[in-house]
Amino acid sequence: MSTPTTPVSLDRFLTPAHRALWEAVDDFATQEIRPRVERMERAPHRVDRKIARLLATRRWFGVTVPATFGGMNAGHVAKTILIHRLALVSGAAAALLQASLIPVAALLHYGTKDQHHTLLPAVADASVLMSIAVTEPDQGGHIGGMTTAAEWDGRAWVLTGVKAHVGNSHLADTHVVIARTARADTRTSKALTAFLVKSGQRGVILAPHGRKLGLRGFSFGQISFDRVRVSPNNVLGEIGQGFDVAQFSSILYGRANLTALCLGLHETAVSLTAQYVSKRPRYKGKLADLSVIRDRLGEMSARLLMAKILAYHAVDMLDRGLSCDDELIAAKTLGHELAAQTGNDAMHLHAANGLDENHPIQRVWRDMQTTYAPAGTGEVQRRRLAENLLEEETGTDLRTPWSVLHAGRAQPPIPDEAVSV
Ligand SMILES: Cc1cc2nc3c(=O)[nH]c(=O)nc-3n(C[C@H](O)[C@H](O)[C@H](O)COP(=O)(O)OP(=O)(O)OC[C@H]3O[C@@H](n4cnc5c(N)ncnc54)[C@H](O)[C@@H]3O)c2cc1C
């Protein structure tokens, strides 16, 4: 019997097709991505375009796209496997894939038939890469404060404003841009609209790619929109539904994506540290022989196990159409916290050697820092969990969870054979 490569702790979440996908991603990441990692690390000023082309050959940008449009129709657990296993080797490669899958979710769930027919096949074969532009330089995560506006001039919507930290800013062909379309005194939930904007359109201005702390090779930069004309055919969803589009895609897809990205980095931090202390000489043996080192390593291992179970449990619930907003939030916020603690332990145990710019543990630690802010910072996530808890306790103002609201519109559960790798 062959040795299973998937962890037994995830057994209940994985079908045979998931396991095959897991192995395929591991092989791909080792053979195609690993050789590029050092190059990306040494060129923080550059966006790596080759990674997207490599991922495209596997059609993984279409993981959530229905088979009728050439996609894999493979669901949320499969999406997590892709991002998690890529992040094990390269945070940047995983970030590139996950950032494109958030706007694809918006397109899938809010797009018209025409938009689906035009864009989904192109997403599946990666001839079109997407981004979602919500965050603004001054407003950050406060979506209600956004100032990017679209005004109707009688023939088209005219969009003006600036978006910041847009994942795949420098690679995307089509941006989903959220802009204000109602007066300032309109409630945020009705004041925004989503638009499909091509990156080559007149008035779309990309700021030069800036060096970031982590995810070298990936781009998350600034895009300005200077009186960009958008046809009514390129409104995504209804006028006034932009808040819904942004929240839905961030909450149900973004959180899980960032959880998976962080999980891959977490796992690498643990294995690099275990290898390091097992080889580093101390007294008559190795560092790993010291009980104090084993104590830390044991704690790291326990945290990783928790993060893994949380991550897969949440997306499994999503695939099964269950109410799981809290699980997705907890997996994202705790996944990051647990990984960040492990990252610190890993840096401590590598001590001075870990500070070498080219040491892989430093790359992993830097990449981990980038998973705190996107798809909801820790404060925002914990506040949401507290609100949900208090609403439940007091029985007042119970909001329908996003996972329930959209369960009916979600992709059908994955038929095992539909997951092609
Ligand atoms: C790798 C990466 C990829 C990203 N990809 C995208 C993308 O594809 N599209 C996109 O639109 N954006 C993207 N972002 C931006 C991301 O969504 C924002 O970073 C996030 O919304 C927070 O905004 P901010 O970083 O400006 O922090 P701010 O919102 O300014 O927050 C600053 C601090 O204040 C806290 N805070 C803010 N408001 C509250 C509150 N009400 N209560 C308590 N504490 C609060 C925050 O938790 C944080 O600690 C990305 C960011 C990163 C790092």
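Residues numbered from 1 in each chain as written. Predicted model: local features only at pLDDT ≥ 70, side-chain atom pairs only at ≥ 80, totals over all residues. Heavy atoms only, no water.

With that settled, the discussion passes to the pairing of strand β3 (residues 157-167). Here β3 lies mainly inside the structure; eight of its eleven residues are buried. Taken together, the four bridges between strand β2 (residues 149-152) and β3 define a ladder with antiparallel strand orientation. Counterpart to Trp-152 in the pairing with β3 is Trp-157. (Buried < 20%, exposed > 50% of the residue type's maximum accessible area, 1.4 Å probe, protein only. Helix = DSSP H or I, 4+ residues; strand = E, 2+ residues; numbered from the N terminus. Pairing = 2+ DSSP bridges.)

Before going further, it helps to examine empty space enclosed by the protein. If you roll a probe as big as a water molecule over the atoms, it shows you where there is empty space left. This structure, assessed with the given rule, holds four cavities of 30 Å³ or more. Of the pockets and cavities examined, the second largest cavity occupies roughly 40 Å³. Forming the boundary of the second largest cavity are Val-37, Met-40, Glu-41, Ser-90, Gly-91, Ala-92, Leu-215, Arg-216, Arg-363 and Asp-367. Elements with a minimum of two residues in the lining of the second largest cavity: α1 (16-42), α4 (91-110) and α10 (360-369). When residues in the lining of the second largest cavity are grouped by element, the largest group, three residues, is from α1. (1 Å grid on protein atoms, 1.4 Å probe; cavity = no way out; pocket = protein on both sides within 12 Å on 5 of 7 lines; lining within 4 Å. Points joined across faces, edges and corners; volume = space filled by probe spheres on them.)

This part takes up the packing of aromatic side chains. Note on aromatic pairs: each is described by the distance of the centres and the angle between the planes. Across all of its chains, the model carries seven aromatic pairs by this definition. Taking the centre distance of 5.8 Å and the plane angle of 55° together, the rings of Trp-157 and Phe-195 count as tilted. Separated by 38 residues along the polypeptide, Trp-157 in strand β3 and Phe-195 in strand β5 (residues 192-198) bring together distant segments of the chain. What makes Trp-157 buried here is its relative accessible area of 11%. An aromatic cluster of at least three residues, connected via ring pairs, comprises Tyr-110, Phe-248 and Tyr-253. Across the ring face of Phe-220, the terminal group of Lys-212 is positioned such that the distance to the ring centre comes to 4.7 Å. (Phe/Tyr/Trp six-rings, centres within 6.5 Å; stacked < 30°, edge-to-face > 60°. Lys NZ or Arg CZ within 6 Å of the ring centre and 35° of its normal.)

The next thing to look at is the UniProt feature "domain: Acyl-CoA oxidase/dehydrogenase middle" (unreviewed entry) in the protein chain. Mapped onto this numbering, the UniProt entry gives "domain: Acyl-CoA oxidase/dehydrogenase middle" (unreviewed entry) at residues 132-228. What you have in residues 132-228 is 4% helix and 44% strand, and the ends, taken at the C-alpha atoms, are 16 Å apart. (UniProt positions renumbered as here; feature names shortened; annotations may be inferred.)

Moving on to a positive patch on the surface. Where like charges cluster on the molecular surface, the positive patch consists of Arg-39, Arg-46, Arg-49, Lys-50 and Arg-53. If you trace the backbone, Arg-53 turns up in helix α2 (residues 50-57). For Arg-53, a relative accessible area of 52% translates into the label exposed. (Patch = residues over 30% accessible without salt bridge, like charges linked within 9 Å, V, L, I, M, F, W, Y side chains within 5 Å. Areas by Shrake-Rupley, 256 points an atom, 1.4 Å probe, with all protein chains shown as cover. Salt bridge = Lys/Arg side-chain N within 4 Å of Asp/Glu carboxyl O. Lys, Arg positive; Asp, Glu negative; His and termini not counted. Charge placed at Lys NZ, Arg CZ, Asp CG, Glu CD.)

Here we come to the layout of surface pockets. Its boundaries defined by the atoms lining it, the second largest pocket holds a volume of some 400 Å³. Lining the second largest pocket are 21 residues; nearest its centre among them are Arg-34, Val-37, Val-89, Pro-360 and Arg-363. Within the residue set of the lining of the second largest pocket, elements represented by two or more residues are α1, α3 (75-89), α7 (242-279) and α10. Looking at the lining of the second largest pocket residue by residue, the classes come out as five nonpolar, six polar and ten charged. When we break the lining of the second largest pocket down by domain, the ones giving at least three residues each are domain 1 (8-129) and domain 3 (245-409). (Nonpolar A, V, L, I, M, F, W, Y, C, P; charged D, E, K, R; others polar. Domains from an automatic or database assignment.)

Attention now moves to the pairing of β5. With six of seven residues buried, β5 lies mostly within the body of the structure. In this sheet, β5 lies alongside strand β4 (residues 174-180) in antiparallel orientation, the contact comprising seven bridges. If you follow Ile-178 over to β5, its bridge partner there is Ala-194.

Attention now moves to the pattern of salt bridges. Enumeration over the complete set of coordinates arrives at 19 salt bridges. Between Asp-11 and Arg-19 there is a salt bridge, and its shortest N-O distance comes to 3.1 Å. By relative accessible area, Asp-11 is classed as partly exposed at 41%. Assessed through its relative accessible area of 25%, Arg-19 is described here as partly exposed. Where salt bridges share partners, they join Glu-41, Arg-216, Glu-357 and Arg-366 into one cluster.

Moving on: helix α9 (residues 325-350). Between its terminal C-alpha atoms α9 stretches 37 Å, which fits the 38 Å expected from 26 residues at 1.5 Å a residue. The first or second residue beyond α9 is Ala-351, which carries a positive phi of 45°. (Expected span 1.5 Å × (residues − 1).)

Further remarks concern the site of the ligand. Residues in close proximity to the ligand total 17 residues, the closest being Ile-132, Val-134, Thr-135, Thr-377 and Glu-379. One nitrogen or oxygen atom from the side chain of Thr-135 is found 2.7 Å from a nitrogen atom belonging to the ligand. When isolated, the ligand has an accessible area of 970 Å², and the protein chains bury 64% of it. Going through the elements one at a time, β1 (130-133), β3 and α11 (378-394) are the ones with two or more residues in the shell around the ligand. The leading source of residues in the shell around the ligand is β3, at three residues. (Near = heavy atom within 4 Å. Polar contact = N/O pair within 3.5 Å; in protein donor to acceptor, adjacent residues only side chain to side chain.)

Before going further, it helps to examine the environment of Leu-88. Here Leu-88 shows up in helix α3. Along the sequence, Leu-88 and Arg-320 sit 232 residues apart, while their C-alpha atoms lie 26 Å from each other.

What follows is about the UniProt feature "domain: Acyl-CoA dehydrogenase/oxidase C-terminal" (unreviewed entry) in the protein chain. Within the UniProt annotation, "domain: Acyl-CoA dehydrogenase/oxidase C-terminal" (unreviewed entry) is assigned to residues 240-390. Secondary structure content for residues 240-390 is 77% helix and 3% strand, and the end C-alpha separation is 29 Å.

In many analyses, interface size is given as the accessible surface area lost on bringing the parts together. Assigned domains of the protein chain: these are domain 1 (8-129), domain 2 (131-240) and domain 3 (245-409). The centre of domain 1, based on its C-alpha atoms, is set 20 Å off from the matching centre of domain 3. Facing 34 residues of domain 1, the contacting portion of domain 3 comprises 33 residues. Summed over both sides, the interface of domain 1 with domain 3 buries roughly 2,900 Å², with 62% coming from carbon and sulfur. When the area that domain 1 buries against domain 3 is broken down by residue, the three leading residues are His-76, His-109 and Tyr-110, summing to 22%. Viewed at the interface, domain 3 and domain 1 are joined by two salt bridges. In this structure, Arg-366 and Glu-41 form a salt bridge, with 2.6 Å as the shortest nitrogen-oxygen distance. Seen at the junction of domain 1 and domain 3, the total is eleven residue pairs in polar contact (both at pLDDT 80 or more). Only α1, α3 and α4 provide two or more residues apiece to the side of domain 1 that touches domain 3. Of the residues in the side of domain 1 that touches domain 3, the class split is 20 nonpolar, ten polar and four charged. (Contact = heavy atoms within 4.5 Å. Buried area = accessible area lost by both parts, 1.4 Å probe.)

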